[in-house]
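# Fold and geometry: a report
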Amino acid sequence: MNFLETLHRQQLATTRRQLFGRTALGLGTASMAGLLGDELSAAGTNASTLGGGLHHLPKAKRVIYLFMSGGPSQHDLWDYKPKLADMFGEQLPAEVRDGQRITGMTANQKSGLPLCPSKYKFTKHDNNQDGVWISELLPHTAKVARELCVVHSTFTEAINHDPAVTYIQTGSQIAGRPSLGAWLSYGLGSMNEDLPHYVVMHAHSKYAEQSLFNRLWGPGFLPADHQGMLLRSGGDPVLYLSNPPGVTSSDRRDQLDALAAINQEQHRHFGNPEILARIKQHEMAYRMQTSVPELMDFSSESESTFELYGEEARTPGTFAACCLNARRLAERGVRNIQIFHRGWDAHNRLPTEHESQCKDIDQGCAALVHDLRQRGMLDDTLVIWGGEFGRTVYCQGNLTRENYGRDHHPRCFTVWMAGGGVKAGITYGRTDDYGYNIVNADGSPMIPRPEKEHWTPGTMHIHDLNATILHLLGIDHRKLTYRYQGRDFRLTDVDGHVMHDLIA
Amino acid sequence: MTKNARRASRNRADEAVVRATLRGHGSIDRAGSDLLHRWPVCVYNSGMRTSNIVIVAVTSLILVDARAAEPTSAAIDFSREILPILSDKCFVCHGPDTDEDVTLRLDSYEAATSDLGGYRAIDPDDPASSELVLRILSEDDPMPPAEAEKQLTDAEKRLLAQWVAQGGEYSQHWAFIPPKKRLPALPDGGDTQATINPIDWFVAAKQRGRSIDFAPEAAPETLARRASLTLCGLPPGPEELAEFLRDRRADAYERYVDRLLNKSSFGEHQARHWLDAVRYGDTHGLHLDNRRGVYPYRDWVVSSLNANLPLDDFITWQLAGDLLPDPGVEQLVATGYVRMNPTSGEGGAIEAEYQAKNNFDRTENLGAVLLGMTLTCARCHTHKYDPVPQTEYYRLMAFFNSTSEPALDRNKYDYGPTTKAPSDQSQWARWRLLNDRLGQLIHAATDELSDAAVVADRNAWADATDREKLEALADPDSPFSSLSVHTEATLLSLELESLEQGFTTTLVAKDLPTPRPTHVLSRGEYNRPIGDPLEPGVLTAMGDFPEGAPRNRLGLAQWLTSPSHPTVARVLINRVWQHTFGHGLVRTPEDFGLQGAYPTHPDLLDWLAVELQESGWDLKHMLRMMVTSRTFRQSSAWREDVDDPENRLWSRGPSYRLDAEVIRDIGLWSGNLLDPMMGGEGVKPYQPAGMWQALAHPASNTKKYERDHGQRLYRRSLYVYWKRTSPHPMMTLFDAPDRETSCVRRSRTSTALQSLALLNETQRIEMARMLGQRLMLQRSDVSSRMDLLFRLLASRGPSQTEAEAFEELLQKMLQRYRGNVDDARALLSIGDIARDESLDPAEHAAWTQVALTLLASDLAIILY
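The numbers attached to residues start from 1 for each chain and follow its sequence in the written order. Numbering of ligands from 1 and lettering of chains from A proceed in the order in which they are written. Under the rules for a predicted model, residues below a pLDDT of 70 receive no local features and side-chain atom pairs below 80 are neither given nor counted, while totals for whole chains, interfaces and linings still include all residues.

### Things to note about the overall build of chain B
Secondary structure elements follow DSSP: runs of H or I no shorter than four residues count as helices, runs of E no shorter than two count as strands, and numbering proceeds from the N terminus. Looking only at helices and strands, one finds 37 helices and six strands in chain B. Using C-beta atoms placed from the backbone, we call a residue buried if 20 or more other C-beta atoms fall within 10 Å of its own, exposed if 12 or fewer do, and partly exposed for counts in between. Taking all 864 residues of chain B together, 52% fall into the buried category. Taking contacts inside chain B between residues at least 6 apart in sequence as the whole, the part at least 24 apart equals 70%. For every residue pair, C-beta atoms are placed from the backbone, and the pair is scored as a contact if these atoms sit within 7 Å.

Here you go:
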């Protein structure tokens, strides 16, 4: 073995040691997949023997997360409350509120907390149980009702956007933790040599009235290469992807050859294995300059694709185009895809805004689920739809039959999942007649208090959702940890329950 | 089942195991004696009671696996070897935060050896019957329980058992014992000691224990580049380099280092490390993430480091400058530290909730930055690992709970208390100059007043501030106007006034007249206070609050900077070491607690910590010592003769990928583009369109990135505008933190996105073009241009292989651009600065490509 090989091996050994050193028992091999690339993980580690999973055989190979930032109204989309129709304008009973803290926006409004039935018509659609109620705002989504696992009893503790979005995406209300996507990247690594393994898109919305933050796809304290790569709809789809004007691909090849010669010389002299790693990354960048434009070029898509996703899918940056892109990324082995759609924070004119929002997303969501199914990919692709919290049953601002607003509501909201090993065509969890509190199957009150390892059947805390996502991808949420500041952190903090009731 | 019943039942079961084991091993004596020399626990086993035999039996199973690890009968170091295991695997149930129904605690000797009803976890009189050992080895009733997330490894079980066998003694965690200087014996001895850098004593002592020596010294060119990048974040200029290489004096390198320490770029570079730690940003960080005015704080950090302000003052002013007697502008500006936490102005947010959140953030930042301790756990419950009771967390928090700014920022630039401060370094310099003049003037006036001939109210004079005195002297109607300095006072007063008109506002700390009451919050929830209000207080594991000190932030600062504080000096010097050598002596710079890493060289760390204090908290002194050490000056090439990939023996010089800011600054500097202006509001270099818009709230005043023009494009990266929810991509792509939370150790990744950025980003192309232009204008032939190019970026000329590779690239590019001058012009038109029309475009484009390539190479972006 020559000197270079010795060094290279030393480095690999080091990396292994570091991994074993800083992660919980038995995790090292797995996370190596993410840090050292497929080549190494294929050499007899867990990830390969577990079909891409980390701790157990995964149900899903990839995840597409459709995040509705701002908090969609479960009252107007999913959680049908016919009895409210007769309570228009009445005050929310105090015993229903039960001391719940409410935001400064409605805590002191003069009109109090007037009940606000949805103006939209709900229809029951067949699923694999006794049907699921879906409002007229989501006609396309309703057509894939048989694929959906609709959870009405999702809940959180946060009541403001910034902490709530940060909570559901990073497991903590305080900035600084790695995002869900970064954890998956860290745990699972890549299935593709030519594209990054974690891709984030921002879809256009007319009412994009909340902020997003880099931290939602950021690495937190994980190594920075686990951050999501933004796939942008304007300019370069990947930052700095294109060669500058006056530079061709062949020029770049020549440059990279000279660069490699210099770096190899540097490596010959210093023996630092990181130099070799960097040479590999320069080559991947070069391949991305071909693979990303090819990804973004929809010209090979058939007419039927655009019938399915809608004509809007031809316009970059629309939600439909992002969904089509998500499918194309999934086909290319990208594991971890997120679409952020803003504009769901309907405080004052919910009908106008939600109608527009639903029009943005409805066909794309349905098309994505349908398309994955027809391509045989839905079974191992987990699709998730949801926001950071729900909206209140009481009105914020002026209440009329035609126009109303709703404030933030953490105690229950609706999230759906499809494919990826979840039960198709079911609903889970119930809320009371006000859509205010989660109740037991018999309608009796239940207020979950997620202290210690507590989990209440029939509910899904956002930690439970995240634990379930990890589980479906072959990860035990309690074991995927990273030592930082003396503590082994994990996505679900000290909580999280895998929702076995939802898993097929 | 009670504990004793369970124990009895287990022992019955164990007997069966023992019998089975006896059959397997033939005779107990053989089984025992076979193990005795490998595992000293059995030495205590004279009685050979049932449970002891079980140990032997079960142990034999362990030893099969543990055979690889060399057994040792050497004395076990509790703090280094045992405490980390107890902390990581046991304290979650048996640590400082033990549930009431758990009777056993293992975080002190007294608790671990207490009588649990006829038996003890650790029985010093009969170690082999210690319940701790029985349970960790037990198969049917193990500890940790089978379902626990963290299990002991066999090696850990062996260590614990050995330790109990040796008496199970406890000692305090190393980091909580104040550091002392302890020099290792030097084999050379004698008068050579005086000439050896103390750092090298420690490093050599450990190296010699492993029969290795220092690596040879790096080439002088390499060393010059290394020292310059380490201290100032820029390579040496060709002239500086030549001067150093020409200098044949024995202390040429030391002189070179002194020159570096006196550059103003020193403070700019060193400040970045601090700004990462304290999470400096130009925006609020939450919700709208609007602009906030606090950049004078950043400039104050730079000038303090350049002026070598003692680090104890550096800390005190930041924590409590406003509480010092008659604080000046600098002391007030420094308190921007207290205001550095991200804030929100979200509609509907609850004030009390954010009051708590802001205080958590500040308390925990103090923990990470100065105490070297993660305190977050103690927000909700007594710390699981470290001796931080929940009450003490809230006592510490109470120091911050009395500041007067509102909890919600109202999305305002200057919310809460502010002060007027110089808006850039030239204003600071002028302000200092005028203040010196003011001092002299007051001095002269005071002298004159002591002359009885002048009739004025001397008492009023004595009580007045300097500025009030100046106004009195300048006022033609005041009795003081008769003094001879009247004219000068009038002039100075006008000059100060006119300077101050250009001042900006900056966020500062100020206490309420009556402090807010601070309570323990149940589970850290703002609306669940428990018990009586707490007096501000400190973490008792780190020493007592200084006697007579005020119970406010000033007292807190006095506690932190007192010579008996066990961690502050260690934590600071460890980070200085980390920024100099690439890794800390403690590899977890944010955590010196029980879960943190043990120092690679504990005595060296302690020596440096004490030296820092004894030197008067002199940062430049410490850095000078570090970069002139033999340890620093070694070649950084990996060694065939040393198996130490992580360089824990410090047997090669530092080498790592440079920080985002340094990579950008080198490019600007090499293209003669770097604007020397220091300080001022954050600058906005080129950035791809739409990046802020894609994230921002429509009401945010940072939703649109409007890039700068002119010189502001070319300022040092320290000054790049830091929008916390979306920092500049050329920073974050190269591992710069977002500054929403403290970062005392950046990751260093290599990614494909970095490659794209290095070769395609607008400013990189412009830098390369300007560098190409410089080469063409300053040198006339290819080889001397190549020489200058390499000399600028690598501080040396090219090797033959390098020259060949690059000349080949140059020829290819020349040919290609001569065949397509439009492409050449297109490339040369990137960036605001117009190209030099006197240069042949094809040739200029070719050199641009060559420069761009070398700028992206490991010759330019790595420290070696």
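### Things to note about the overall build of chain A
Helix and strand content of chain A: 15 helices and 17 strands. Every one of the 504 residues in chain A was classed for burial, and the buried ones make up 59%. By sequence separation, contacts in chain A at least 24 residues apart represent 73% of the contacts at least 6 residues apart.

### Looking at the domain arrangement of chain B
For the purposes of this description, domain bounds are those given by an automatic or database domain assignment. Annotation of chain B at the domain level lists domain 1 (3-171), domain 2 (220-266 + 576-602 + 612-633), domain 3 (269-418 + 514-567), domain 4 (424-502) and domain 5 (759-863). Measuring from the centre of the C-alpha atoms in domain 4 of chain B to the corresponding centre in domain 5 of chain B gives 57 Å.

### Concerning the interface of chain B and chain A
Between chain B and chain A, the residue contacts involve 84 residues of the former and 68 residues of the latter. Only α30 (729-732), α31 (752-760), α34 (800-819), α35 (821-828), α36 (841-856) and α37 (858-861) of chain B provide two or more residues apiece to the side of chain B that touches chain A. Sorting elements by how many residues they give to the side of chain B that touches chain A places α31 of chain B first, with eight residues. Throughout, the ten residues Ala, Val, Leu, Ile, Met, Phe, Trp, Tyr, Cys and Pro are labelled nonpolar, Asp, Glu, Lys and Arg are labelled charged, and all others, Gly among them, are labelled polar. Of the residues that constitute the side of chain B that touches chain A, the class distribution is 35 nonpolar, 31 polar and 18 charged.

### Points about unusual backbone geometry
Residues and elements named next belong to chain B. Between M143 and P144 the backbone carries a cis peptide bond, its omega angle lying at -10°. Along the chain, P144 turns up in the loop between α6 (131-137) and α7 (154-165). Positive phi outside glycine occurs at N411, with the angle close to 60°. Along the chain, N411 turns up in the loop between α19 (390-398) and β1 (418-421). What makes N411 buried here is the crowd of 23 C-beta atoms within 10 Å. Its identity is not glycine, yet D735 carries a phi of approximately 75°, on the positive side. If you trace the backbone, D735 turns up in the loop between α30 and α31.

### Brief notes about the pairing of strand β3 (residues 132-135) of chain A
All names here are of chain A. Between any two strands, pairing holds if DSSP finds at least two bridges. When strand β2 (residues 122-125) meets β3, the two strands line up antiparallel, connected through four bridges. Bridge pairing links T123 to I134 in β3. The antiparallel pairing of β2 with β3 creates a hairpin that spans six residues between the two strands, and G131 there sits at a positive phi of about 100°.

### Regarding the environment of G285 of chain B
All names here are of chain B. Among the secondary structure elements, G285 is positioned in the loop between α13 (264-277) and α14 (295-306). For the pair G285 and W722, spaced 437 residues apart in the sequence, the C-alpha separation amounts to 9.8 Å. Those residues in contact with G285 that sit more than four places away from it in its chain are P342, T343, R724, T725 and E740.

### Topic: the nonpolar core
Joining buried Ala, Val, Leu, Ile, Met, Phe, Trp, Tyr and Cys residues through C-beta atoms within 7 Å gives a set, and that set is a nonpolar core. Core analysis: the largest hydrophobic core is formed by 312 residues, its most contacted members being L66, C149, C323, I339, V383 and I384 of chain A together with L793 of chain B. When residues of this core are assigned to their parent elements, the largest contribution, ten residues, is made by α36 of chain B. In contact with L66 of chain A, not counting residues within four places along its chain, are I339, C365, V383, I384 and W385 of chain A.

### Details of helix α22 (residues 466-474) of chain B
Along α22 of chain B, the positions that sit buried rather than exposed are K469, L470, A472, L473 and A474 of chain B. Where the residues of α22 of chain B are buried, they touch α20 (425-450), α21 (458-463) and α23 (486-501) of chain B.

### What about the environment of E131 of chain B?
Residue and element names in this part refer to chain B. In this fold, E131 is placed in helix α6. Residue E131 is classed as buried on the basis of its C-beta count, with 21 C-beta atoms lying within 10 Å. Taking C-alpha positions, E131 is 51 Å from T403, a pair spaced 272 residues apart along the chain. Residues in contact with E131, not counting those within four places in the same chain, are L116, Y119, R120 and A121.

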